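Structural overview for review
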Amino acid sequence: MKTSVIIPTMNAGEQLAGLLESLQSQTISDEIIIIDSSSSDSTQKIAESYGIRTIVTHRNAFDHGGTRTRAAQTADGDILIFMTQDALPANEYAIEKL
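Report on the accompanying structure.

Examining the pairing of strand β1 (residues 3-9)
Burial within β1 is extensive, with 7 of its 7 residues counted as buried. The alternating pattern of β1 places Thr-3, Val-5, Ile-7 and Thr-9 and Ser-4, Ile-6 and Pro-8 on opposite faces, both of which are buried. Note that β1 and strand β2 (residues 31-36) share 6 bridges and pair parallel. Bridge pairing in β2 places Ile-7 opposite Ile-34.

Following this line, the structure appears as structure tokens:
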């Protein structure tokens, strides 16, 4: 089974590199998707530098459920894991244990 981690972001630049490094070091890490609400900082550039698929939505179109659903519809995973931009996995087994 494949997993997809989906993270809605907005101006997550300061936190994003650490989160992506942590997610890419997981024992299970099939796909990470960022759905960004038109950040005005380096969020999109950072995500792309890690090879992360990034979907951009307009800020005024953001909706907690709808935005996540939009990202989920593009996911390849059998299991979808939704995170926030400021939550770091406790260790490299976090996704596996979920």
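So, next bit.
Description of unusual backbone geometry
Here Asn-11, not a glycine, exhibits a phi torsion of approximately 50°, which is positive. Assignment of secondary structure puts Asn-11 in the loop between β1 and α1 (13-24).

Comments concerning α1
With 12 residues, α1 ought to run about 16 Å at 1.5 Å a step, and its terminal C-alpha atoms sit 17 Å apart, in line with that. Listed in full, the buried residues belonging to α1 are Gly-13, Leu-16, Leu-19, Leu-20, Ser-22 and Leu-23. Buried residues of α1, seen end-on, are gathered within an arc of 165° and therefore sit on one face of the element. Each element contacted by the buried residues of α1 is listed here: β1, β2, α2 (43-49) and α4 (94-97).

Focus on the environment of Phe-62
For Phe-62, the location among the structural elements is in the loop between β3 (53-56) and α3 (64-74). Phe-62 sits in the partly exposed class, given a relative accessible area of 30%. Each C-alpha atom of the pair Phe-62 and Leu-98 lies 27 Å from the other, and the pair is 36 residues apart in sequence.

Describing the side chain of Thr-43
With respect to the helices and strands, Thr-43 occurs in helix α2. A relative accessible area of 0% means that Thr-43 is categorised as buried. There is a polar contact of 2.6 Å between the side chain of Thr-43 and the side chain of Asp-41. Beyond its immediate chain neighbours, meaning those up to four positions away, Thr-43 contacts Thr-9, Asn-11, Ala-12, Gly-13, Leu-16 and Asp-36.

Quick word on the side chain of Asp-36
Looking at where Asp-36 falls in the secondary structure, it is placed in strand β2. Notably, Asp-36 is buried but unbridged: the nearest opposite-charge side chain belongs to Arg-59, and the N-O separation is 7.2 Å. Polar contacts involving the side chain of Asp-36 include one to the side chain of Thr-9, which spans 2.6 Å. A distance of 2.9 Å separates polar atoms of two side chains, one belonging to Asp-36 and the other to Gln-44. The contacts of Asp-36, once residues within four sequence positions are left out, are Thr-9, Met-10, Asn-11, Thr-43, Gln-44, Thr-54, Ile-55, Val-56 and Thr-57.

Analysis parameters
- Residues numbered from 1 in each chain as written.
- Predicted model: local features only at pLDDT ≥ 70, side-chain atom pairs only at ≥ 80, totals over all residues.
- Heavy atoms only, no water.
- Buried < 20%, exposed > 50% of the residue type's maximum accessible area, 1.4 Å probe, protein only.
- Helix = DSSP H or I, 4+ residues; strand = E, 2+ residues; numbered from the N terminus.
- Pairing = 2+ DSSP bridges.
- Expected span 1.5 Å × (residues − 1).
- Arc of directions from axis to C-beta.
- Contact = heavy atoms within 4.5 Å.
- Polar contact = N/O pair within 3.5 Å; in protein donor to acceptor, adjacent residues only side chain to side chain.
- Lys, Arg positive; Asp, Glu negative; His and termini not counted.
- Salt bridge = Lys/Arg side-chain N within 4 Å of Asp/Glu carboxyl O.

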